[in-house]
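# Close look at the chain arrangement
Read off the chains here:
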Amino acid sequence: MDLIKVKGIVIRETTYKDNDKIITILTDKLGKISCMARGAKKNNSPILANSQYLVYSEFVLYKSKNFYMVNSATIINMFYKFRTNFDKMEKAFELTRIINLITDENEDTSLVLKLFLNTIYILENDLKNDDMVIATFKIKLFCVLGFYPNISKCSQCGQVLLNESTDKKYVYYDYVSNIFLCDTCIANKELKRLIKLNKSTLIAIKYIASCDIKKVFNYELKDYSDLLNFSVVYTDAMINGI
Ligand SMILES: [Zn+2]
């Protein structure tokens, strides 16, 4: 029996029979995997805590037929504050719901794990505004999976959108076509499929897309409202498009 050691966080748990659980773990080496945690529901189980939602552990696994089984585990971080604050827990549910939707089992998710751990650490410790953290996570998530928002030029006329010298203040995001447009090119478009983004929001999106995961929250915006709107429609556009 070959033992495999991975670090990972539980992003979904389901009861299986009376005492077992099937847990979905976002791991550093195996991607997102489903794993059987035998006896994990028993009060005296050594993996009782490790098989709970949002617990980050080092797992020792083995493969039985086509299924991973938990052999043993050691807690790295329980993220305690989420367990006593339902508002925070709901935010974690929102993030893991998206991760579960857009990642496939066994694809490389090491960067998604890094981004997610970083995000819940910031949320747990109230280091930034929660809405800004969630919006940033959503935009960066698609970037680490290889989908970058194409914000450098207007998709229709090719004009550079982030030109400092231009007096144009706004850029438009067409969430039906998932493209960015300048104010000239929106003239004949249906306005309800567009959201207006100010220049500083566009600079923030560009920063989020290109920076290192560790620094993704290291920016300031006077007003987050455009960024929040963008993150919601962009996430929907990407989920529907992938
Ligand atoms: Zn244009």
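Bear in mind that the values here come from a model prediction, so they are computed numbers and not experimental data.

### Quick look at the overall build of the chain
Helices and strands together make up the secondary structure of the chain, namely six helices and eight strands. Seen through its principal axes, the chain has C-alpha atoms that stretch 65 × 35 × 30 Å. In the chain, which comprises 242 residues, the proportion classed as buried is 31%. Considering only contacts in the chain between residues 6 or more positions apart, those separated by 24 or more positions represent 58%.

### A short note on the pairing of strand 5 (residues 67-77)
Pairing analysis gives two bridges linking strand 3 (residues 32-37) to strand 5, with the strands arranged parallel. By the bridge assignment for strand 5, Met36 is matched with Met69. In the sheet, strand 4 (residues 56-64) pairs with strand 5 via nine bridges, with the strands oriented antiparallel. By the bridge assignment for strand 5, Tyr62 is matched with Met69. The loop that links strand 4 with its antiparallel partner strand 5 comprises two residues; one of these, Lys65, has a positive phi angle of about 55°.

### Regarding the packing of helix 5 (residues 199-210) against helix 6 (residues 225-241)
Two elements in contact, helix 5 and helix 6, have axes separated by 9 Å at closest approach and are oriented at 55°. With respect to helix 6, the element helix 5 is oriented oblique. For the crossing formed where helix 5 meets helix 6, the hand is right-handed. Residues Thr201, Ala204 and Ile205 of helix 5 lie in contact with helix 6, whose contacting residues are Asp226, Leu227 and Phe230. Of the residues contributing to the contact of helix 5 with helix 6, the split by class is four nonpolar, one polar and one charged.

### Some words on unusual backbone geometry
Positive phi is not limited to glycine here, since Lys17 has a value of about 55°. A positive phi angle, close to 50°, is found at Asp126, a residue other than glycine. Along the chain, Asp126 turns up in the loop between helix 3 (110-124) and helix 4 (130-144). A count of 11 C-beta atoms within 10 Å places Asp126 in the exposed class.

### Thoughts on the sheet that holds strand 6 (residues 170-174)
With antiparallel pairing, three strands are arranged side by side in an open sheet as 7-6-8. The outermost strands of the open sheet, each flanked by one partner alone, are strand 7 (179-181) and strand 8 (194-198). Averaged over neighbouring strand pairs, the angle between their axes works out to 30° when direction is ignored. The sheet contact formed by strand 6 and strand 8 spans five bridges and is antiparallel. Within strand 8, the residue paired with Val171 across the bridge is Leu197.

### Comments concerning the environment of Ser51
Position of Ser51 among the secondary structure elements: in the loop between strand 3 and strand 4. Along the primary structure Ser51 and Thr24 are separated by 27 residues, whereas in three dimensions their C-alpha atoms are 9.2 Å apart. Discounting residues that sit within four places of it in the chain, Ser51 has contacts with Val10, Glu13, Lys21, Ile23, Ala37, Ala40 and Val70.

### What about the pairing of strand 6?
Counting buried positions along strand 6 yields four of five residues, so the element is predominantly enclosed. Sheet topology note: the strand 6/strand 7 ladder contains three bridges and is antiparallel. Among the inter-strand pairings, Asp174 is bridged to a residue of strand 7, identified as Ile179.

### Description of the domain arrangement of the chain
In many analyses, interface size is given as the accessible surface area lost on bringing the parts together. In terms of domains, the chain is made up of domain 1 (3-77) and domain 2 (128-242). Here domain 1 and domain 2 have C-alpha centroids that lie 37 Å from each other.

### Quick look at the sheet that holds strand 2 (residues 20-27)
The strand order around the closed barrel formed by five strands is 1-2-3-5-4, and the pairing between neighbours is mixed. Geometrically, the sheet is characterised by an average inter-axis angle of 55° between neighbouring strands, direction not taken into account. Running over the sheet, helix 2 (residues 86-102) touches strand 1 (3-16) and strand 2 and is turned about 110° from strand 1. Docked against the sheet, helix 3 engages strand 1, strand 2 and strand 4, running at close to 100° with respect to strand 2.

### Considering helix 4
Compared with the 21 Å implied by 1.5 Å per residue over 15 residues, the 21 Å span of helix 4 between its first and last C-alpha is a close match. Every buried residue of helix 4 is listed here: Val133, Ala135, Thr136, Phe137, Lys138, Ile139, Lys140, Leu141 and Phe142. Following helix 4 by one or two positions, Gly146 has its phi on the positive side, about 100°.

Conventions we followed
- Within any chain, residue numbers begin from 1 and follow the written order of that chain's sequence.
- Residues qualify for local features only when their pLDDT is at least 70, as the model is predicted, and side-chain atom pairs are given and counted only at 80 or more; totals for whole chains, interfaces and linings, by contrast, use all residues.
- For the purposes of this entry, the term helix denotes a DSSP run of H or I that reaches at least four residues, the term strand denotes a run of E that reaches at least two, and both are numbered from the N terminus.
- Burial in this document is a count-based property: other C-beta atoms within 10 Å of a residue's C-beta are tallied, and the residue is buried at 20 or more, exposed at 12 or fewer, or partly exposed in between, with C-beta positions derived from the backbone.
- The contact rule is simple: place each C-beta atom from the backbone, and if two of them lie within 7 Å, those residues are in contact.
- Only when DSSP finds a minimum of two bridges between them are two strands counted as paired.
- The axes are straight lines fitted to the C-alpha atoms, using for helices just the contacting stretch, and the angles between their N-to-C directions are given from 0 to 180°.
- Roughly parallel refers to an angle under 35 degrees, roughly antiparallel to one over 145, roughly perpendicular to one between 65 and 115, and oblique to any angle outside these ranges.
- Crossings are sorted by hand: turned counterclockwise from the far helix by less than a right angle, the near helix makes the crossing left-handed, and turned clockwise it makes it right-handed.
- When residue character is reported, Ala, Val, Leu, Ile, Met, Phe, Trp, Tyr, Cys and Pro are called nonpolar, Asp, Glu, Lys and Arg charged, and the others, Gly included, polar.
- Domain start and stop points were drawn from an automatic or database domain assignment.
- Here the expected length of a helix is defined as 1.5 Å per residue gap, with one fewer gap than residues.

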